[in-house]
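# A look at the structure
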Amino acid sequence: QVLLVQSGSELKKPGASVKVSCKASGYTFSAYDMNWVRQAPGQGLEWMGWINTNTGNPTFAQGFTGRFVFSLDTSVSTAYLQISSLKAEDTAVYYCAKGCGSGSYCFDYWGQGTLVTVSS
Amino acid sequence: QSVLTQPPSVSAAPGQKVTISCSGSSPNIGNNFVSWYQQLPGTAPKLLIYDNSERPSGIPDRFSGSKSGTSATLGITGLQTGDEAEYYCGTWDSSLSAEVFGGGTKLTVL
């Protein structure tokens, strides 16, 4: 079955960096886009962007440029989200979500989420 | 403010039916497929409906979706206490070149 397993919670100080991993299994990793979605405490879902798992080309939503990096290690079917120069407002749960493919803009499998807390 | 507008909350009794609306505009709902997600407390979102009205395998037919113009609706029949969750609509916005979500609707099964 399809599984997306993310790395554990992180507590970081302002200005630090964090790297969240998302290991996929149960499907052909390079055949489907991987998306990243942020959910701030008590808030809704916010799409951060996606990475083409075939070419490695990332696309970022407005507000997620500059400090955010999407990357892949296709040898281990893993996607990564790196955030640098962390700010308190980056505190959120970050989800990876597999694209549905076949022209459908939806996310059919989600990781369990990684809580990133930024606090001094 | 979310690009898509959902009511903050809805409620109904067990066994009853509820609908959740999602209002958008031409660049998003008007010209793209809508999906719906269920987020149980403390868990990741789960896909309920895609392509406006299609259900992934394993999703019971108590859940249905529809779209008309620039609005979409999620329907849930035979409400159960286990359906208490936050529900989000989502679609592609061709003007923003981004996936957009509604603000979420909290369903309470009284």
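Up top you'll find the structure we're talking about.
Residues numbered from 1 in each chain as written. Chains lettered and ligands numbered in written order. Predicted model: local features only at pLDDT ≥ 70, side-chain atom pairs only at ≥ 80, totals over all residues. Heavy atoms only, no water.

Moving on, we come to the interface of chain B and chain A. Between chain B and chain A, the contact holds 16 residues from the first and 17 residues from the second. Taken together, both faces of the contact between chain B and chain A bury some 1,500 Å²; the carbon and sulfur share is 66%. Our count for the contact surface shared by chain B and chain A stands at 0 salt bridges. Put simply, chain B and chain A have 5 residue pairs in polar contact (both at pLDDT 80 or more) between them. Of all the secondary structure elements, the ones that give two or more residues to the side of chain B that touches chain A are strand E3 (34-39), strand E7 (85-93) and strand E8 (98-101) of chain B. In terms of residue class, the side of chain B that touches chain A is made up of 9 nonpolar, 5 polar and 2 charged. (Contact = heavy atoms within 4.5 Å. Buried area = accessible area lost by both parts, 1.4 Å probe. Salt bridge = Lys/Arg side-chain N within 4 Å of Asp/Glu carboxyl O. Polar contact = N/O pair within 3.5 Å; in protein donor to acceptor, adjacent residues only side chain to side chain. Helix = DSSP H or I, 4+ residues; strand = E, 2+ residues; numbered from the N terminus. Nonpolar A, V, L, I, M, F, W, Y, C, P; charged D, E, K, R; others polar.)

Glancing now at the sheet that holds strand E1 (residues 3-6) of chain A. Residues and elements named next belong to chain A. The antiparallel open sheet is built from 4 strands, whose spatial order is E1-E3-E8-E7. Because the sheet does not close on itself, it has two edges, and the strands there are E1 and strand E7 (68-73). Here the average twist between neighbouring strands, direction ignored, is 20°. Pairing geometry for E1 and strand E3 (residues 18-25), over 4 bridges, is antiparallel. Bridging across to E3, leucine 3 finds its partner in serine 25. (Pairing = 2+ DSSP bridges. Axes fitted to C-alpha atoms, helices over the stretch in contact; angles between N-to-C directions.)

Residues and elements named next belong to chain A. In total, this model carries 3 disulfides over all chains according to the counting rule given. The disulfide partner of cysteine 22 is cysteine 96, and the gap between their sulfur atoms is 2.1 Å. Residues cysteine 22 and cysteine 96 share a disulfide whose torsion about the S-S bond is about 80°; that sign makes it right-handed. Placement of cysteine 22 in strand E3 and of cysteine 96 in strand E9 (residues 92-101) is noted, with a sequence separation of 74 residues between them. By the burial criterion, cysteine 22 is buried, and cysteine 96 matches it. (Disulfide = S-S within 2.5 Å. Buried < 20%, exposed > 50% of the residue type's maximum accessible area, 1.4 Å probe, protein only.)

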